[in-house]
Amino acid sequence: MSVLTSRLRLVASSHACRRVIYLHPRASGCTTRSYHGTDVLYASSDIMKAADYGKYYQPSYFENLLTSYADSSLVQGMESLLIHTQDFTGLPWWSTIVLCTIALRGAITLPLFVWQLQKSGKRQMIDPLLRKVAEKLTIEGDEAAKQKNWDARTRDVFVTRSYLKHEKAILKQHKIPNMYLTFIVPWVQLPLWFTLSTALRDLTLTLPVIGQIPQASLVIYQALSAGGMLWFANLCSPDATMILPVLAGITNLAIIEVHRGDGKAPLTPGIKVLVNILRVVSVSMIPIGFCMPSGVVLYWVSSSTFGLCQALMVRSARVKKFLRIPVPSNHSKTPYKDILSRFRFKK
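In this text, all values refer to a predicted model and were calculated from it rather than measured experimentally.

## Some points on the overall build of the protein chain
Turning to step 1, where the next piece is worked out: What the protein chain contains, in helices and strands, is 13 helices and 4 strands.
Turning to step 2, where the next piece is worked out: Classification of the 347 residues of the protein chain by burial places 39% in the buried group.
Turning to step 3, where the next piece is worked out: Sequence-distant contacts in the protein chain: of pairs separated by 6 or more residues, those separated by 24 or more amount to 66%.
Turning to step 4, where the next piece is worked out: Of the roughly 20500 Å² of accessible surface on the protein chain, a fraction of 63% belongs to carbon and sulfur atoms.

## What to know about the packing of aromatic side chains
Turning to step 1, where the next piece is worked out: Throughout the structure, instances matching the rule amount to 4 aromatic pairs.
Turning to step 2, where the next piece is worked out: For the pair Tyr-69 and Phe-194, a centre-to-centre distance of 5.4 Å together with 35° between the ring planes defines the contact as tilted. Residue Tyr-69 is located in helix 2 (residues 61–70), and its partner Phe-194 is located in helix 7 (residues 184–203); the two are separated by 125 residues in the primary sequence.
Turning to step 3, where the next piece is worked out: Look at Tyr-69 and you get partly exposed, because its relative accessible area is 24%.

## Re helix 2
Turning to step 1, where the next piece is worked out: Those residues of helix 2 that sit buried are Glu-63, Leu-66, Thr-67 and Ala-70. The arc that holds the buried residues of helix 2, viewed along the axis, is 100°, so those residues lie on one side.

## Topic: unusual backbone geometry
Turning to step 1, where the next piece is worked out: For Met-242, which is not a glycine, the phi torsion comes out positive at approximately 65°.
Turning to step 2, where the next piece is worked out: Relative to the assigned elements, Met-242 resides in the loop between helix 8 (215–225) and helix 9 (243–260).
Turning to step 3, where the next piece is worked out: With a phi close to 60°, Arg-324 is a non-glycine residue in the positive phi region.
Turning to step 4, where the next piece is worked out: Following the sequence through the fold, Arg-324 ends up in the loop between helix 12 (317–322) and helix 13 (335–341).

## Quick look at the packing of helix 9 against helix 11 (residues 294–313)
Turning to step 1, where the next piece is worked out: Across the interface, helix 9 lies against helix 11 with an axial gap of 9 Å and an inter-helix angle of 20°. Regarding the angle of helix 9 to helix 11, the classification is roughly parallel. Between helix 9 and helix 11 the crossing geometry is left-handed. Residue-level contacts link Leu-244, Pro-245, Leu-247, Ala-248, Thr-251, Asn-252, Ala-254, Ile-255, Val-258 and His-259 of helix 9 to Ser-294, Val-297, Leu-298, Trp-300, Val-301, Ser-304, Thr-305, Gly-307, Leu-308, Ala-311 and Leu-312 of helix 11.
Turning to step 2, where the next piece is worked out: Looking at the contact of helix 9 with helix 11, its residues break down into 14 nonpolar, 7 polar and no charged.

## Let's talk about the pattern of salt bridges
Turning to step 1, where the next piece is worked out: Within the structure shown, the criterion is met by 3 salt bridges.
Turning to step 2, where the next piece is worked out: Residue Arg-155 is joined to Asp-156 by a salt bridge in which the shortest nitrogen-to-oxygen separation is 3.2 Å.
Turning to step 3, where the next piece is worked out: Judged by its relative accessible area of 40%, Asp-156 is partly exposed.
Turning to step 4, where the next piece is worked out: Of the charged contacts, one joins Arg-279 and Glu-257 as a salt bridge, the two residues approaching to 3.0 Å between their closest N and O atoms. With Arg-279 in helix 10 (residues 269–290) and Glu-257 in helix 9, this residue pair connects regions lying 22 residues apart in the sequence.
Turning to step 5, where the next piece is worked out: We classify Glu-257 as buried; its relative accessible area is 11%.

## Notes on the nonpolar core
Turning to step 1, where the next piece is worked out: By size, the foremost hydrophobic cluster in this structure holds 30 residues, and its most contacted members are Leu-82, Trp-93, Leu-224, Leu-235 and Trp-300.
Turning to step 2, where the next piece is worked out: Counting only elements with at least two residues in this core, the list comes to helix 3 (73–89), helix 4 (93–125), helix 7, helix 8, helix 9 and helix 11.
Turning to step 3, where the next piece is worked out: Per-element accounting of this core gives the leading share, 6 residues, to helix 11.
Turning to step 4, where the next piece is worked out: Apart from residues no more than four positions distant in its own chain, Leu-82 is found in contact with Trp-93, Thr-96, Cys-100, Leu-196, Leu-200 and Leu-203.
Turning to step 5, where the next piece is worked out: One finds Ile-126, Val-133, Val-159 and Ile-176 within the second-largest nonpolar core, a separate group that totals 8 residues.

## Quick word on helix 7
Within an α-helix, residues lying three or four positions from one another point in the same direction, as the helix has 3.6 residues per turn.
Turning to step 1, where the next piece is worked out: With 20 residues, helix 7 extends 29 Å from end C-alpha to end C-alpha; this agrees with the ideal 28 Å at 1.5 Å per step.
Turning to step 2, where the next piece is worked out: Among the residues of helix 7, Ile-184, Val-185, Gln-189, Leu-192, Thr-195, Leu-196, Ser-197, Thr-198, Ala-199, Leu-200, Asp-202 and Leu-203 are the ones counted as buried.
Turning to step 3, where the next piece is worked out: On the buried face of helix 7, the contacting elements are helix 2, helix 3, helix 4, helix 8 and helix 11.
Turning to step 4, where the next piece is worked out: After helix 7 finishes, the residue Leu-205 shows a positive phi value of roughly 55°.

## Brief notes about a nonpolar patch on the surface
Turning to step 1, where the next piece is worked out: A surface patch of nonpolar side chains, about 380 Å² in accessible area, is lined by Leu-230, Trp-231, Ile-243 and Leu-247.
Turning to step 2, where the next piece is worked out: Its location among the elements puts Trp-231 in the loop between helix 8 and helix 9.
Turning to step 3, where the next piece is worked out: A relative accessible area of 36% means that Trp-231 is categorised as partly exposed.

## Here we look at the side chain of Thr-109
Turning to step 1, where the next piece is worked out: Looking at the element boundaries, Thr-109 is found in helix 4.
Turning to step 2, where the next piece is worked out: Leave out the neighbours within four places in its chain, and Thr-109 touches Leu-104, Val-185, Gln-189 and Leu-192.

## Regarding the side chain of Lys-320
Turning to step 1, where the next piece is worked out: When you line up the elements, Lys-320 lands in helix 12.
Turning to step 2, where the next piece is worked out: Judged by its relative accessible area of 13%, Lys-320 falls in the buried class.
Turning to step 3, where the next piece is worked out: If we ignore the near neighbours within four places in the chain, the residues touching Lys-320 are Val-314, Ile-325, Pro-326, Val-327, Pro-328 and His-331.

Analysis parameters
Residues numbered from 1 in each chain as written. Predicted model: local features only at pLDDT ≥ 70, side-chain atom pairs only at ≥ 80, totals over all residues. Heavy atoms only, no water. Helix = DSSP H or I, 4+ residues; strand = E, 2+ residues; numbered from the N terminus. Buried < 20%, exposed > 50% of the residue type's maximum accessible area, 1.4 Å probe, protein only. Contact = heavy atoms within 4.5 Å. Areas by Shrake-Rupley, 256 points an atom, 1.4 Å probe, with all protein chains shown as cover. Phe/Tyr/Trp six-rings, centres within 6.5 Å; stacked < 30°, edge-to-face > 60°. Arc of directions from axis to C-beta. Axes fitted to C-alpha atoms, helices over the stretch in contact; angles between N-to-C directions. Parallel < 35°, antiparallel > 145°, perpendicular 65-115°, else oblique. Left-handed = near helix turned anticlockwise from the far one by under 90°. Nonpolar A, V, L, I, M, F, W, Y, C, P; charged D, E, K, R; others polar. Salt bridge = Lys/Arg side-chain N within 4 Å of Asp/Glu carboxyl O. Core = buried A, V, L, I, M, F, W, Y, C linked by side-chain atoms within 4.5 Å. Expected span 1.5 Å × (residues − 1). Patch = residues over 30% accessible without salt bridge, like charges linked within 9 Å, V, L, I, M, F, W, Y side chains within 5 Å.

Structure, rendered in structure tokens:
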């Protein structure tokens, strides 16, 4: 399957035949091969030269689902943003992708990220108060259990319910939102990342297409094919050097480690599991990036770089004060040196 994933796939509905066209950027002519009972046509990078263009097999359920999402107003709106930005600025496509990434992250996720840190910082500031409340309620629970002859389970239920009631009142008093809202950035960033990735895959014609491809899409495809730079000149084909996917993986791993800070604070078991899962996901994105168009992986690198700069920025106490993010009393005066010290080899 890895042989086929690097080809440009165009799919259209046809009950009469099973034929798939893949466009190989380096092929000089057109040849037909058989793959699992399906005729596969390898054509040159000019898709208008494909003699059997438009004759395809019946798409699978997953292909229909992906195509439906690509045709949604959300993805189409993202595609329009990319196209109009490139038309207005006249920039090369690679810089248009980077510019749109910075603009979207700066306009959407950055304000949410600052808001999230403000609220979570307030939550950390009242943690000592919540601990005192928990200790007081535990004592009251023990006394009530002795007076009413409660068993341990009944006592724990009483303490837990009382604590949640007091916690809700304290959070409301300090204007701190629900715990789930204090982690709002991933709920926004992940859909944004997936939508823009899908839009770029649609523009580079690496998604299933039901029916004929509009002429305008072919023009954009040709522009993207020549809109790269350096080693990734063709944004519609995978990065043959594998540099972009590796950069994306390394940058994501760096973001995880920066958010951990100096690593001296102990992690709860749940946080440890989450950190390890994120590390596995970051590494697994590297081989996935090998099969993706360079334009998509360039977006991944740009978005991850923005996230890394964002994470480094808020490690500074001055930046936190400027953004009105609470600075804990035990905040390090040398946060960047502390992060680097974790990666130094001990003699």
